[in-house]
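Secondary and tertiary structure notes
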Amino acid sequence: MTRRLWKVGTNSGNDGCPTLYTEPGADTYVVQGNPVTDPAEVAQLDLGDGEAAVTVPRELLANFGPKEPVHVPQPISFAEFGGMFATLRHSAWRLETRERYAEDEQTDTYRQFAAGEPVTWDLDDAWCTNRREQSAAGKRFERVRVLDEPPTPGQRYLLDNARRNSAVGEDIRVLTRSQAEELQLPREDFWIFDARVVALLHFDDADAMTGVELITNPVEVLRYAQAREAAWHHAVPYSQFGG
């Protein structure tokens, strides 16, 4: 159905470009401006299929764009989240803060661990294959895991699991809960991809992951990046943890 667009404002007099439009009752805008067509410039943009970019003067957005900040959660599917590990360009970094993860406890490897048996990690499954290939291509995968004192059973399982992570190219480090609190790290689980986008992981009261929220606001991304820098500086390789 054809949208009915209202002109919000323009800085161009009567020649029609550039201009900002909106659809009544919607929180979206249509921006009219000079198209970006130079191949070298287009290559620097993260455009999806069918997307295009235009150039407009700053004063157009300053004068006629929305003035109040509005946080609108941007949920993505688990399939979209998984795809981010195949399309990242440089790095993926995670902070793990929970006492347990319900999904871990449904695995055969956790049952081996809980029974006191040696855990048999399959280094040729799809997850390990992806990590190994991406790491071989020069991409970095890093994690800091926050551990209670003493570590919970779920955290001890992840310490064993770190052997698998390391075998396929991930760098796993740990931080005690008291250190994390002293550093004022968020008690949130999140991934940072290529230092430009955050995937915030949501869990329910039963420690099951319920969803993933994408954060792209540069101010918010910077806050998570600052937490990453502090955590990574103080964390130690998992193999050195003596708790």
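This text goes with the structure placed above it.
I will try to describe carefully the structure that is included in this document. (Residues numbered from 1 in each chain as written. Predicted model: local features only at pLDDT ≥ 70, side-chain atom pairs only at ≥ 80, totals over all residues. Heavy atoms only, no water.)

Considerations on the nonpolar core
Counting residues in each nonpolar core, the largest one holds 22 residues, and the members touching the most others are Phe81, Met84, Trp191 and Phe193. Those elements giving two or more residues to this core turn out to be helix H3 (78-87), helix H4 (108-114), helix H6 (153-167), strand S10 (189-193), strand S11 (197-203) and strand S12 (209-215). If one sorts the elements of this core by residue count, S11 sits on top with four residues. The residues touching Met84, leaving out its near neighbours within four places in the chain, are Ile76, Phe193, Val197 and Leu214. One finds Trp93, Leu95, Phe190 and Ile192 within the second-largest nonpolar core, a separate group that totals 18 residues. (Core = buried A, V, L, I, M, F, W, Y, C linked by side-chain atoms within 4.5 Å. Buried < 20%, exposed > 50% of the residue type's maximum accessible area, 1.4 Å probe, protein only. Helix = DSSP H or I, 4+ residues; strand = E, 2+ residues; numbered from the N terminus. Contact = heavy atoms within 4.5 Å.)

Looking at the sheet that holds strand S1 (residues 6-10)
Read across the open sheet, the three strands follow the order S1-S2-S3; overall the sheet is antiparallel. Each having just a single partner strand, S1 and strand S3 (29-32) make up the two edges of the open sheet. Within this sheet the neighbouring strands show an average axis-to-axis angle of 25°, counted without direction. The pairing of S1 with strand S2 (residues 19-22) spans four bridges and is classified as antiparallel. In the strand pairing of S2, Trp6 is matched with Thr22. (Pairing = 2+ DSSP bridges. Axes fitted to C-alpha atoms, helices over the stretch in contact; angles between N-to-C directions.)

Topic: H3
When we look at burial in H3, the residues that qualify are Phe81, Met84 and Phe85. One side of H3 holds all its buried residues, which, seen down the axis, span an arc of 100°. Exposed positions of H3 whose direction lies more than 90 degrees from the buried face are Ala79 and Thr87. Looking at the buried positions of H3, the neighbouring elements they touch are strand S6 (74-76), helix H5 (126-136), strand S8 (140-147), S10, S11 and S12. (Arc of directions from axis to C-beta.)

Some remarks on the pattern of salt bridges
On inspection of all chains with the given rule, the structure shows 20 salt bridges. We note a salt bridge from Asp207 to Arg98, for which the minimum N-O separation is 2.6 Å. Of this pair, Asp207 sits in the loop between S11 and S12 while Arg98 sits in the loop between strand S7 (91-96) and H4, placing them 109 residues apart in sequence. Taking the relative accessible area as the measure of exposure, Arg98 reaches 24% and is therefore partly exposed. Residue Glu170 is joined to Arg143 by a salt bridge in which the shortest nitrogen-to-oxygen separation is 2.8 Å. (Salt bridge = Lys/Arg side-chain N within 4 Å of Asp/Glu carboxyl O.)

Here's the deal with the environment of Arg187
Within the secondary structure, Arg187 is located in the loop between helix H7 (177-182) and S10. On the accessibility criterion, Arg187 (55% relative accessible area) is exposed. Along the chain, Arg187 and Leu95 lie 92 residues apart, while their C-alpha atoms are 9.0 Å from each other. Setting aside residues up to four positions removed in sequence, Arg187 forms contacts with Thr97, Glu99, Arg177 and Glu181.

Observations regarding the sheet that holds S8
Two strands in a sheet stick together by hydrogen bonds in their backbones, pointing the same way (parallel) or opposite ways (antiparallel). Spatial strand order, S6-S12-S11-S10-S7-S8-S9-S13: eight strands in an open sheet with mixed pairing. Each edge of the open sheet carries a strand with a single partner, namely S6 and strand S13 (236-237). Looking at chain direction, strand S9 (residues 170-176) and S13 are connected through two bridges and run antiparallel. Residue pairing in the sheet places Val174 in a bridge with Val236 of S13.

Considering the side chain of Arg131
Looking at the secondary structure, you find Arg131 in helix H5. With near-sequence residues (within four places) excluded, Arg131 lies in contact with Phe85, Phe141, Arg143, Val168, Glu170 and Trp191.

Let's talk about empty space enclosed by the protein
Applying the stated criterion across every chain yields a total of one cavity of 30 Å³ or more. Only S8 and H6 provide two or more residues apiece to the lining of the largest cavity. Counting residues per element, the lining of the largest cavity draws most heavily on S8, at three residues. When the residues that make up the lining of the largest cavity are grouped by side-chain class, the tally is four nonpolar, one polar and three charged. (1 Å grid on protein atoms, 1.4 Å probe; cavity = no way out; pocket = protein on both sides within 12 Å on 5 of 7 lines; lining within 4 Å. Points joined across faces, edges and corners; volume = space filled by probe spheres on them. Nonpolar A, V, L, I, M, F, W, Y, C, P; charged D, E, K, R; others polar.)

Focus: the layout of surface pockets
Taken as a whole, the largest pocket holds about 870 Å³ of empty space. Every residue lining the largest pocket is counted, 33 residues in all, and those nearest its centre are Arg94, Glu103, Asp104, Trp127 and Arg164. The set of elements that each furnish at least two residues to the lining of the largest pocket consists of H3, S7, H5, S8, H6 and S11. A class-by-class count of the residues in the lining of the largest pocket yields 15 nonpolar, seven polar and 11 charged.

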